[in-house]
Amino acid sequence: MPLALLALAVGAFGLGTTEFVMMGLLPDVADDLHISIPTAGHLVSAYALGVVIGAPLLAALTARLPRRRVLISLMALFVAGNALSALAPGYDSLLAARFLSGLPHGAFFGVGAVVATGLVAPERKARSVSLMFMGLTVANIAGVPVATLMGQHLGWRATFLGVSLIGVAAMAAVFFLIHPTQTPVPTSGLRGELTALRSLPVWLALATTVVGFGALFSAYSYITPMLTESAGYGEGNVTLLLALFGVGATIGNLVGGRLADHAMRGTLFGGLASMVAVLLLFPVLMRAEWSAAAAVVLLGVAAFVTGSPLQLMVMERAAAGPSLASSANQAAFNLANAGGAWIGGVALAAGFGVTSPALAGAALAVLGLGVASVAYAVDRRRDVPTPTGQVRVVASHVPETAEPVHSS
């Protein structure tokens, strides 16, 4: 795999760290700014809102620019947002800075996925995407725990300054490791990107992301009370267990990337079916400490097996303008975060028990399998056999971009 993928992974590591570290810093931020924990929780939502808005907006605005320049510019915006977070004098300014930090998140992953697939041979596209996403999963193993400890001992502002330095390192990595000839200027422009979004298969792929990852966040958003109230873990052990989730996510991401290069649709269906099984077993697995730890790892594996095939599916269904659709998939991921957490909270508030969010997640995963099946049926109907036995794709968009430059 090209060394240039390392540059994308470094950027993903920084983005993943700043996205999830706020959850561990909420008490410190609340004490320092004299606000309540629920109010501080809006800082998490502000980042997610920035991702949802910024992903399609920035991808559209940069549709005609060289991809390497876009990646560096997005990471510069990320650095600015985190630096402003560190220097924020009060809650309102910190809220605005968190929103600014979230704006480049989805566009970086979206454009980065397009760049990653252009760096490798066609049979390695899913693996290239998974290697970029590995920065995000490793952030849950190392970046978030270290950044949380830094915030607890040096102050939460030091955490955001540290994340800014990761962003600077990512900018340097993109500049030195990705050659301009590896990221040609797109020729389709904004019109081509918007035309690609008119495709029904693209929207079905995005819907699969929302529902499928909604299943993950329905359970993961309430994993702490499950571990403490059901499995019997002390609160001090939760951080280590969340790192185990990151280990599972990293394994699932790498396995999913390798499998998807051989059978993209089969990997997606297998991952969703695995999520159904794991989430249905959660009430049983959460009865003992050892099985609860295994459940956390298995949830990470099952969920992130689907990451690369979903990203690649969106890009292939929007071949004429993949950057906007690829970025929109990251917005869909954050919608899944918000929607899944809400559905899990409804189950919990209804009094169905502390592990009920996992069962709600299983229902969402089943729904995700249904949406993926509809997408498969639509694709089959658009593939019309010709008299020679070959397959002709009907109503598809042929990209007018330059041939990707393969790096050895």
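Refer to the structure presented above.
Everything quoted here is computed from the prediction, not taken from an experiment. (Residues numbered from 1 in each chain as written. Predicted model: local features only at pLDDT ≥ 70, side-chain atom pairs only at ≥ 80, totals over all residues. Heavy atoms only, no water.)

A. Region of the structure containing the packing of helix 11 (residues 264-285) against helix 13 (residues 307-317). Their axes nearest at 9 Å, the elements helix 11 and helix 13 cross at an angle of 135 degrees. Taken together, the axes of helix 11 and helix 13 are oblique relative to one another. Between helix 11 and helix 13 lies a crossing whose hand is left-handed. Counting all contacts with helix 11, which are made through Met264, Arg265, Thr267 and Leu268, the residues of helix 13 involved are Pro309, Leu310, Leu312, Met313, Glu316 and Arg317. Taken together, the residues of the contact of helix 11 with helix 13 break down into six nonpolar, one polar and three charged. (Axes fitted to C-alpha atoms, helices over the stretch in contact; angles between N-to-C directions. Helix = DSSP H or I, 4+ residues; strand = E, 2+ residues; numbered from the N terminus. Parallel < 35°, antiparallel > 145°, perpendicular 65-115°, else oblique. Left-handed = near helix turned anticlockwise from the far one by under 90°. Contact = heavy atoms within 4.5 Å. Nonpolar A, V, L, I, M, F, W, Y, C, P; charged D, E, K, R; others polar.)

B. Spatial organisation of the side chain of Ser130. In this structure, Ser130 sits in helix 5 (residues 125-154). Judged by relative accessible area, which is 2%, Ser130 ranks as buried. Discounting residues that sit within four places of it in the chain, Ser130 has contacts with Asn253, Leu254, Gly257 and Ser308. (Buried < 20%, exposed > 50% of the residue type's maximum accessible area, 1.4 Å probe, protein only.)

C. Here's a closer look at the packing of helix 1 (residues 4-33) against helix 2 (residues 37-61). Interhelical geometry of helix 1 versus helix 2 gives an angle of 170 degrees and a closest axis separation of 8 Å. With respect to each other, helix 1 and helix 2 are oriented roughly antiparallel. Along the contact surface, helix 1 presents Leu15, Thr18, Glu19, Met22, Met23, Leu26, Pro27, Val29 and Ala30, while helix 2 presents Ile37, Ala40, Gly41, Leu43, Val44 and Tyr47. For the contact of helix 1 with helix 2, the residue count by class is 12 nonpolar, two polar and one charged.

D. Layout of helix 6 (residues 156-177). Here helix 6 contains 22 residues, and its C-alpha end-to-end distance of 32 Å stays within 8% of the 32 Å for a straight helix at 1.5 Å per residue. Buried within helix 6 are the following residues: Trp156, Thr159, Phe160, Val163, Ser164, Gly167, Ala170, Ala173 and Val174. Contact partners of the buried residues in helix 6: helix 1, helix 3 (67-87), helix 4 (91-118) and helix 5. (Expected span 1.5 Å × (residues − 1).)

E. Highlighting the nonpolar core. Counting residues in each nonpolar core, the largest one holds 58 residues, and the members touching the most others are Leu216, Ile223, Met226, Leu227, Met275, Phe282 and Met286. The greatest single-element share of this core, amounting to 10 residues, is contributed by helix 8 (residues 200-220). When neighbours within four sequence positions are excluded, Met226 is seen to be in contact with Ala219, Ala231, Phe282, Met286, Val354, Thr355, Pro357 and Ala358. In terms of nonpolar packing, the next biggest core, distinct from the first, is built from 39 residues, Leu5, Leu71, Ala113 and Val120 among them. (Core = buried A, V, L, I, M, F, W, Y, C linked by side-chain atoms within 4.5 Å.)

F. Local environment of the pattern of salt bridges. Inspection of every chain in the model, using the stated rule, returns five salt bridges. The salt bridge partner of Arg265 is Asp379, with a shortest N-O separation of 2.5 Å. Of this pair, Arg265 sits in helix 11 while Asp379 is found in helix 15 (residues 356-382), placing the two residues 114 residues apart along the sequence. Across the pair, Asp379 and Arg265 agree in class, each one buried. Taken together, the shared-partner salt bridges connect Arg265, Glu316, Arg317 and Asp379 into one network. (Salt bridge = Lys/Arg side-chain N within 4 Å of Asp/Glu carboxyl O.)

G. View of the environment of Ile166. Tracing the chain through its elements places Ile166 in helix 6. Expressed as a C-alpha distance, the spacing of Ile166 and Val10, which sit 156 residues apart in the sequence, is 7.6 Å. When sequence neighbours within four positions are dropped, the list of residues in contact with Ile166 reads Val10, Phe13 and Gly14.

H. Molecular detail of a nonpolar patch on the surface. Together, Leu49, Ile53, Leu57 and Leu61 line one region of the surface with nonpolar side chains, adding up to about 380 Å² of accessible area. Position of Leu57 among the secondary structure elements: in helix 2. (Patch = residues over 30% accessible without salt bridge, like charges linked within 9 Å, V, L, I, M, F, W, Y side chains within 5 Å. Areas by Shrake-Rupley, 256 points an atom, 1.4 Å probe, with all protein chains shown as cover.)

I. Highlighting the packing of aromatic side chains. Applying the stated criterion across every chain yields a total of nine aromatic pairs. Where Phe213 meets Phe304, the ring centres are 5.9 Å apart and the plane angle is 75 degrees; that geometry is what we call edge-to-face. Taken as a pair, Phe213 in helix 8 and Phe304 in helix 12 (residues 289-305) lie far apart in primary sequence, 91 residues in all. Accessibility classification places Phe213 together with Phe304 in one group, the buried group. Each ring, one from Tyr220 and one from Phe245, has its centre 4.2 Å from the other, and the planes form 25 degrees; the classification is stacked. Residue Tyr220 is found in helix 8, and its partner Phe245 is found in helix 10 (residues 238-260); the two are separated by 25 residues along the sequence. In this pair, the class of Tyr220 matches that of Phe245, namely buried. Among the aromatic residues, ring-to-ring pairing joins Phe213, Phe217, Tyr220, Phe245, Phe304 and Phe333 into one connected group. (Phe/Tyr/Trp six-rings, centres within 6.5 Å; stacked < 30°, edge-to-face > 60°.)

None of this, on its own, says anything about what the molecule does.
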